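Single-letter residue listing:
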Amino acid sequence: MLLRISLKILLLFPCFQFLGKTVDAQFVLSGTVFDSSKINYVPGVTVVNKEGKFTLTDSVGRYSIQVTEKDSVSFIFRNKATQSFAVQSIPDPSHFDISLRVNYKGKYSTLKEVVVFGKTFKEDSIENRETYAKIFNFEKPTLKTSISPSGVPGADLDELINIFRFKRNKRMKSFQVRLEKEEQEKYVSFRFNKTLVKRLTHLEGTQLDTFMIKYRPDYEFTSNADDLAFNQYILNCSYKYRLELLQQSAPK
């Protein structure tokens, strides 16, 4: 009888071990890191847990790291660490956003006179320019010289023929202008997006839709403004827009 009880205990022991491990099961903690303005993203921030595992925020301040319920995390930027945050005290582990006490100005990269921000837009622009390379690289035909196989210089016949292909040249130039305009509009839409505008202005529904159309910035401003200036433009427009809404709703 004693032997049978001992065997049952031995058989149940691994189950208890398994249950104990599930209590400390890992899950993903994720969010976004902003600077002191709570507007600008901060890339390159080290996010480290109690066990020493760490990750870095990406170009738009996003991060994700494996943690347990008994774990804690802290954020390190420019050799300065924040306090430790107990995972149990975090209401929503999938959206744990924090603001650091630093000022950070975003950086941009340039692609053939088109200023881009973020990997996805850059990849899309490169792919689009490769697909329509013949159109983007189109130049108005001019009289050029070429060297024949025998080494005798002469007029480039293909270029000479193209000079008089007026409809074709006009069509190619028109298509080129349209593609460049579409690329510029895509960039404006990329920066002036609903997620950012909603977070800054707290507008929703039809009011947000109207704001997006009415205060959509032009390409020149969008491509030259840094994060701070661009976000301030959105805030200033939102103040003006709310004032207009109040004036419309006021009794006459």
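Further up the page is the structure itself.
The sections below set out a description of the structure shown in this document. (Residues numbered from 1 in each chain as written. Predicted model: local features only at pLDDT ≥ 70, side-chain atom pairs only at ≥ 80, totals over all residues. Heavy atoms only, no water.)

**Section: helix H9 (residues 227-249)**
Moving on, step 1. Here H9 is 23 residues long and its end C-alpha atoms lie 33 Å apart, about the 33 Å a rise of 1.5 Å per residue gives.
Moving on, step 2. For H9, the set of buried residues is Asp227, Phe230, Asn231, Ile234, Leu235, Cys237, Ser238, Tyr241 and Glu244.
Moving on, step 3. The backbone nitrogen of Leu228 lies 3.3 Å from a side-chain oxygen of the residue at the head of H9, namely Asp226. (Helix = DSSP H or I, 4+ residues; strand = E, 2+ residues; numbered from the N terminus. Expected span 1.5 Å × (residues − 1). Buried < 20%, exposed > 50% of the residue type's maximum accessible area, 1.4 Å probe, protein only. Polar contact = N/O pair within 3.5 Å; in protein donor to acceptor, adjacent residues only side chain to side chain.)

**A closer look at the layout of surface pockets**
Moving on, step 1. Considered as a void within the structure, the second largest pocket measures approximately 260 Å³ in volume.
Moving on, step 2. What lines the second largest pocket is a set of 13 residues, and nearest its centre among them are Ala81, Thr82, Ser99, Leu100 and Arg101.
Moving on, step 3. Elements supplying a minimum of two residues to the lining of the second largest pocket: strand E5 (72-77), strand E6 (80-81) and strand E8 (98-99).
Moving on, step 4. Class assignment for the residues of the lining of the second largest pocket results in seven nonpolar, three polar and three charged. (1 Å grid on protein atoms, 1.4 Å probe; cavity = no way out; pocket = protein on both sides within 12 Å on 5 of 7 lines; lining within 4 Å. Points joined across faces, edges and corners; volume = space filled by probe spheres on them. Nonpolar A, V, L, I, M, F, W, Y, C, P; charged D, E, K, R; others polar.)

**Concerning the sheet that holds strand E4 (residues 62-67)**
Moving on, step 1. Across the sheet, which stays open at both edges, the three strands sit in the order E4-E1-E8 with mixed pairing between neighbours. Both outer strands of the open sheet, E4 and E8, are each paired with one neighbouring strand and no more.
Moving on, step 2. Strand direction decides the pairing type here: strand E1 (residues 27-34) and E8, joined by two bridges, are parallel. Note that in E8 the partner of Val33 across the bridge is Ile98. (Pairing = 2+ DSSP bridges.)

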